[in-house]
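So you can see what is in the structure, the chains are spelled out below.
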Amino acid sequence: MTTTAEENKRIARRVVEEVVERGNLDAIDEIYTEDAVEHTPVGDFSGHEEITEGFELTLGAFSDYTVTVDDVIAEGDTVAVRLTERGTHDGEFMGIDPTGREFEIRTMAFLRLENGKVAEWWVQPDNLGLMRQLGVVDPPGE
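Every value quoted in this text rests on a predicted model; they were computed, and no experiment measured them.

Reading guide: rules and limits
- Residues numbered from 1 in each chain as written.
- Predicted model: local features only at pLDDT ≥ 70, side-chain atom pairs only at ≥ 80, totals over all residues.
- Heavy atoms only, no water.
- Helix = DSSP H or I, 4+ residues; strand = E, 2+ residues; numbered from the N terminus.
- Buried < 20%, exposed > 50% of the residue type's maximum accessible area, 1.4 Å probe, protein only.
- Lys, Arg positive; Asp, Glu negative; His and termini not counted.
- Salt bridge = Lys/Arg side-chain N within 4 Å of Asp/Glu carboxyl O.
- Polar contact = N/O pair within 3.5 Å; in protein donor to acceptor, adjacent residues only side chain to side chain.
- Contact = heavy atoms within 4.5 Å.
- Phe/Tyr/Trp six-rings, centres within 6.5 Å; stacked < 30°, edge-to-face > 60°.
- Pairing = 2+ DSSP bridges.
- Axes fitted to C-alpha atoms, helices over the stretch in contact; angles between N-to-C directions.
- Expected span 1.5 Å × (residues − 1).
- Bend = angle between axes of the 7 residues up to and from the residue.

## Points about the side chain of E38
Residue placement: E38 occurs in strand β1 (residues 32-40). No salt bridge is formed by the buried E38, whose closest oppositely charged neighbour, R112, lies at an N-O distance of 13 Å. For E38, the side chain forms a polar contact with the side chain of Y32, separated by 2.6 Å. In contact with E38, other than residues within four places in its own chain, are Y32, G43, D44, F45, I51, F55 and W121.

Structure, rendered in structure tokens:
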């Protein structure tokens, strides 16, 4: 099944709208290929079970976590997405105890689709900005 650029954009938005915003982790089975891989700064998550666990870690660390899709560009089987992530750090995240601090960061993501499903996802959040806003890393000059 070949999908158009517009269909691929819709699939990328579905990850954000259904999985992140609605917390519908069951949708991962529909949206991702069985052997899909998410490449993240903290490691790779392979297959539905690990990808679900990755989303659970984030959603558990930031109970009011939201993602806004700022831009989506698609060509062939690749979709580029510019996102804004926001939330309050009220659960453990990457070994960091809850700080209660709010954050807002920009993230770039690239998705590769196969037969109308996400096969690979590369995500590059502004982790330094996140760590600064959580108070884990001091801003320059301090």
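## Quick word on the packing of aromatic side chains
Per the counting criterion, the structure on display carries three aromatic pairs. Members of the aromatic cluster, each reached through a chain of ring pairs, are F62, Y65, F93 and F103.

## Some words on the sheet that holds strand β2 (residues 43-46)
Strand order across the open sheet formed by six strands is β2-β1-β6-β5-β4-β3, with mixed pairing between neighbours. In this open sheet, the two edge strands, each paired with only one partner strand, are β2 and β3 (66-75). Direction aside, the axes of adjacent strands within the sheet are offset by 15° on average. Where β1 meets β2, four bridges bridge the pair, whose relative direction is antiparallel. Note on β2: the bridge partner recorded for T40 is G43. Packed onto the sheet, helix α1 (residues 5-21) meets β1, β3, β4 (78-88), β5 (102-114) and β6 (117-125) and runs at close to 165° relative to β3.

## Focus on α1
Look at α1: 23 Å from first C-alpha to last across 17 residues, which is about the 24 Å you get at 1.5 Å a residue. The largest bend in α1 comes to about 30°, at R13. What α1 keeps buried is the set N8, I11, A12, V15, V16, E18, V19 and V20. Of the residues flanking the end of α1, it is G23, one or two places downstream, whose phi is positive at about 70°.

## Regarding the side chain of N8
With respect to the helices, strands and loops of the structure, N8 is situated in helix α1. A polar side-chain atom of N8 sits 2.4 Å from a polar atom in the side chain of T3. Dropping the residues within four chain positions of it, N8 is found in contact with T3, G76, D77, V79 and L113.

## Looking at the pairing of β5
Only one face of β5 is buried, namely the one carrying F103, I105, T107, A109, L111 and L113, since none of E102, E104, R106, M108, F110, R112 and E114 on the opposite face is buried. Relative to β5, β4 runs antiparallel, the two sharing 11 bridges. Its bridge partner lying in β5, T88 is registered against E102. Note: β5 against β6, eight bridges, orientation antiparallel. If you follow E114 over to β6, its bridge partner there is K117.

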